[in-house]
Amino acid sequence: MLARLDDQGSQRYLPEQDIIPSINSGIGRLQSAFGWSLANRKGSEEAMRDFTRIAIFQTSSNGTILLADPLLGQTMANVLAVYPLPLTEQAQTIQPINNSAYRSDLSFAGPTTPCHRVTLEQVPMIQSNASMRGNEVLALIPSRISWRYYLNQGSVWLLPRSQALRILAAIAYIQKFDPMTSTTSTVDIPEYTAEILASWALTYIAWKQDPQGQGVGNLASKDAAELFGFNVN
Amino acid sequence: MTYRDFVDDVMVALGMIHDDSLWSRDNILLNTIYQENLLVGQDISRTIGLSGDGVSSTNKRQVVPVPVTQVECSDEWSWEHAYFDLPSKVYDLPFDGGITMIRYAVGCGCESSVMGATFSATTLERLSLMKNLPYQSPRPDQPYYARYKSLNDKDRVGLFGISSLVTKLLVGVYYAPRFDTLDMNTDMRIDPHRLADLKRLVLTMSVWPLGIPQERHKNDGRDFEPGQVVNTRPIISVNDPILNSNLTQS
């Protein structure tokens, strides 16, 4: 696409100033689109198989798992599932630490029990209600324990808390796409989204030609409104 | 069949197996216990009632040793007695048949001469009358028990006439399962030929609350379409086995 005039007045598109940010905007938009679809209907997990990971963690002494674990080496974009007490290929041990920890020494071999997500508002209703999953009333009976988790302050919190202290749990998550850093770096996205990404990146870069939203900006706005249901202007 | 097997079958029948299903095993288990108690209570009542000798229901009876607490001239009853608390609810059966027997246990601390003595059921009111009767008054070889509710709301069995040295007894009871302690992996109490009735009852209980979110789950409560009909409980015959357990006999 030939530029007429961008809003910085450079007469051309520059990689660091225009091209890379527009591609990264497209990547972020892809990530949002996937997150949006997962959150609404939990669909398209198959579409994200290239970026679905499962890692084993040890919960903290409070029954939580820090999602941004520095040792994990990846950033979690979406939590797909939490599996308390998973099967692992290796023999399981518990480390004598209070913080949650990514257990790179263990690999996931299968789940053992369901664990449903719950909202923050519902957490206090669950604790003493034996008819709700994650309650403490039945937590001491092995055949009756049921699990839930909620997300709070960048951590996964497991219920019932009394049984979640320093245990192993697996988290299935969508890996966050790494942004483009230079024109020679790799954009690590699903292959079938490359055309969409190129289209969106062009839309974003073209927007700069017209900061008042007179031309292609309207197209981008309409596109985002269709995808996410909100106005970007 | 274990409770887990039964509950999982109902969960599948109701479609409550997807990852955001509303009901969990414990919800269905509670309904199962409600209805199982109904049917098992019917069955035991039939076998120990006027037309039965109770033999065919002994597979549902539990025999458990219970520790005995001795009470020295309590304020409640003004004479010495002992008691134990029932760990779970006992079925309300004909002839107060929920407790089928109380015996001295081996090593309970009683004299060997009274080992075979049977405890007779009575009431606290009758005990007051019998206390001074020479042939009926409670004594170690002629002990009595009477049920009452303790001040701290326990299901208590008072024991009268037993030696103060007795520390434990053997009790046969028809316990109802407790929701808050039941192990999901234990076998169900109900007889196999009643499982179909039980499943029907549990599903029937489930239909009503399942209908509510679709039909009434609006804030203003005025969401009915014109002419919309609310599903009601199915009408059953008076001869249905769930009403008359004798019909299930072969």
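Predicted model, so just to flag it, every value in this text is computed and none were measured.

Colleague: So what about the overall build of chain B? Which residues, and what values?
Modeller: The secondary structure content of chain B amounts to four helices and eight strands. Going from the N terminus to the C terminus, chain B shows its helices and strands as α-α-β-β-β-β-β-α-β-β-β-α. Scored against the burial criterion, the 250 residues of chain B give a buried share of 26%. Within chain B, contacts between residues at least 6 apart in sequence are counted, and of these 67% link residues at least 24 apart.

Colleague: Talk me through the domain arrangement of chain B; I want residue IDs and the actual numbers.
Modeller: Residues and elements named next belong to chain B. Here the domain parsing of chain B yields domain 1 (3-57 + 180-216 + 230-248) and domain 2 (62-173). Contacts between domain 1 and domain 2 engage five residues on the former and four residues on the latter. Residue composition of the side of domain 1 that touches domain 2, grouped by class: two nonpolar, three polar and no charged.

Colleague: Now, about the nonpolar core: what can you tell me, with residues and values included?
Modeller: Residues Tyr 3, Tyr 145 and Leu 159 of chain B are the most contacted members of the largest nonpolar core, which totals 40 residues. At the level of secondary structure, the elements contributing two or more residues to this core comprise helix H1 (3-14), helix H2 (25-48), strand E3 (81-85), strand E4 (99-104), strand E6 (144-149), strand E7 (155-160), strand E8 (168-173) and helix H4 (195-216) of chain B. The element best represented in this core is H2 of chain B, accounting for six residues. With sequence-adjacent residues up to four places away left out, Leu 159 of chain B is seen in contact with Val 68, His 81, Ala 82, Tyr 83, Pro 143 and Tyr 145 of chain B. In this structure, Tyr 83, Cys 115, Met 132 and Val 156 of chain A belong to the second largest nonpolar core, which totals 25 residues.

Colleague: Before we move on, could you go through the domain arrangement of chain A and cite the residues and values that matter?
Modeller: Along its sequence, chain A is organised into domain 1 (15-42 + 191-208) and domain 2 (49-175). In this structure, domain 1 of chain A and domain 2 of chain A have C-alpha centres spaced 31 Å apart.

Colleague: Go over the pairing of E3 of chain B, please, and point to the residues and values.
Modeller: Residues and elements named next belong to chain B. Burial runs high along E3: four of the five residues are buried. Relative to E3, strand E2 (residues 69-71) runs antiparallel, the two being bridged by three bridges. Paired with Thr 69 across the bridge in E3 is Tyr 83. As paired strands, E3 and E7 are joined by four bridges and run antiparallel to one another. Its bridge partner lying in E7, Phe 84 is registered against Val 157.

How each quantity is defined
- Residues numbered from 1 in each chain as written.
- Chains lettered and ligands numbered in written order.
- Predicted model: local features only at pLDDT ≥ 70, side-chain atom pairs only at ≥ 80, totals over all residues.
- Helix = DSSP H or I, 4+ residues; strand = E, 2+ residues; numbered from the N terminus.
- Buried ≥ 20, exposed ≤ 12 C-beta atoms within 10 Å, placed from the backbone.
- Contact = placed C-beta atoms within 7 Å.
- Domains from an automatic or database assignment.
- Nonpolar A, V, L, I, M, F, W, Y, C, P; charged D, E, K, R; others polar.
- Core = buried A, V, L, I, M, F, W, Y, C linked by C-beta atoms within 7 Å.
- Pairing = 2+ DSSP bridges.

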